[in-house]
Amino acid sequence: MMMKKILRPDRLRQVPAQFSWIDQRLVRDNFLRHAEPAAWSLYLVLVTVADAQGLSYYSDATLSRLLKWDPRQLAQARQQLVAADLVAYQKPLAQVLALPVAASAPAPASARLGQPLSVGDLLRRALEGGRA
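Residue positions are given per chain, counting from 1 as you read along its sequence in written order. Confidence filtering applies because this is a predicted model: local features only for residues at pLDDT of at least 70, side-chain atom pairs given and counted only at 80 or more, and all residues used for totals across whole chains, interfaces and linings. Computation of side-chain values covers all heavy atoms of the structure but excludes hydrogens and water.

Novice: With reference to specific residues and values, describe the packing of aromatic side chains.
Specialist: For Phe, Tyr and Trp, rings pair up if their centres lie within 6.5 Å, where Trp contributes its six-membered ring, and each pair is then called stacked (planes under 30 degrees apart), edge-to-face (over 60) or tilted (otherwise). This model, assessed by the stated rule, comprises one aromatic pair. Ring centres of Trp 40 and Tyr 43 lie 5.2 Å apart, and the angle between their planes is 75°; this geometry places the pair in the edge-to-face category. With Trp 40 and Tyr 43 both in helix α2 (residues 37–49), this residue pair falls three residues apart, about one helical turn. The two residues Trp 40 and Tyr 43 agree in class, both being buried. Taking the ring centre of Tyr 89 as reference, the NZ or CZ of Arg 78 above it sits at 3.8 Å. By the criteria applied, helices consist of DSSP H or I runs no shorter than four residues and strands consist of E runs no shorter than two, each listed in order from the N terminus. Only protein chains enter the area calculation, which uses a 1.4 Å probe; residues under 20% of their type maximum are buried, those over 50% are exposed, and those in between are partly exposed. Only when the NZ atom of a Lys or the CZ atom of an Arg is both within 6 Å of the ring centre and within 35 degrees of the ring normal do we say a charge sits over the ring.

As structure tokens, then:
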């Protein structure tokens, strides 16, 4: 087992007083492949400024200024997040959505041909009644 050591105890992260989070399933369940890096930049801003319900009233002008984008770039990035079912948008409101459950399903064995299955995949399939 790897021994962990805090590298900068003076800069240890604390949960901030304001509300904000990024779901680890974005990485674990491969959501990152659903959008380009620019869209993830917008997602990070929206997650950071959204309230507990995921709502943000930041205007297009403010978002464009923060991200140093023109309106076309902002619209493209937002559309990718909407298409990936990660954000809902109805001007002037954006809502960061809970991550869809379906994306966490393991890839079919045929898509993983030649790749070993993780213990998590084996357990998930066993619980779902599927075969590994």
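Novice: Tell me about the pattern of salt bridges, and please be specific about residues and values.
Specialist: Every case where a carboxyl oxygen of Asp or Glu lies within 4 Å of a side-chain nitrogen of Lys or Arg is listed as a salt bridge. Taken as a whole, this structure holds five salt bridges when the rule is applied. With its nearest N and O atoms 3.6 Å apart, the salt bridge here joins Asp 23 to Arg 25. Residue Arg 25 is classed as buried on the basis of its relative accessible area of 16%. Between Asp 60 and Arg 78 there is a salt bridge, with its nearest N and O atoms 2.6 Å apart. Placement of Asp 60 in helix α3 (residues 60–67) and of Arg 78 in helix α4 (residues 71–83) is noted, with a sequence separation of 18 residues between them. The exposure class assigned to Arg 78 is buried, which follows from its relative accessible area of 10%.

Novice: Explain the sheet that holds strand β3 (residues 93–96) to me, using residue names and the numbers behind them.
Specialist: By the convention used here, strands pair only if DSSP detects at least 2 bridges between them. Reading across from one edge, β1-β3-β2 is the order of the three strands in this open sheet, with antiparallel pairing throughout. Each of the sheet's edge strands pairs with one partner strand only, and the pair in question is β1 (55–56) and β2 (87–90). Here β1 pairs with β3 via two bridges, running antiparallel. Along β3, the bridge assignment pairs Ser 56 with Ala 94. In what follows, a contact means two residues having at least one pair of non-hydrogen atoms within 4.5 Å. Axis definition: a line fitted to C-alpha atoms, limited for helices to the stretch in contact. Angles are taken between N-to-C directions and run from 0 to 180 degrees. Of the strands in this sheet, β1, β2 and β3 are in contact with α2, which crosses β3 at around 90°.

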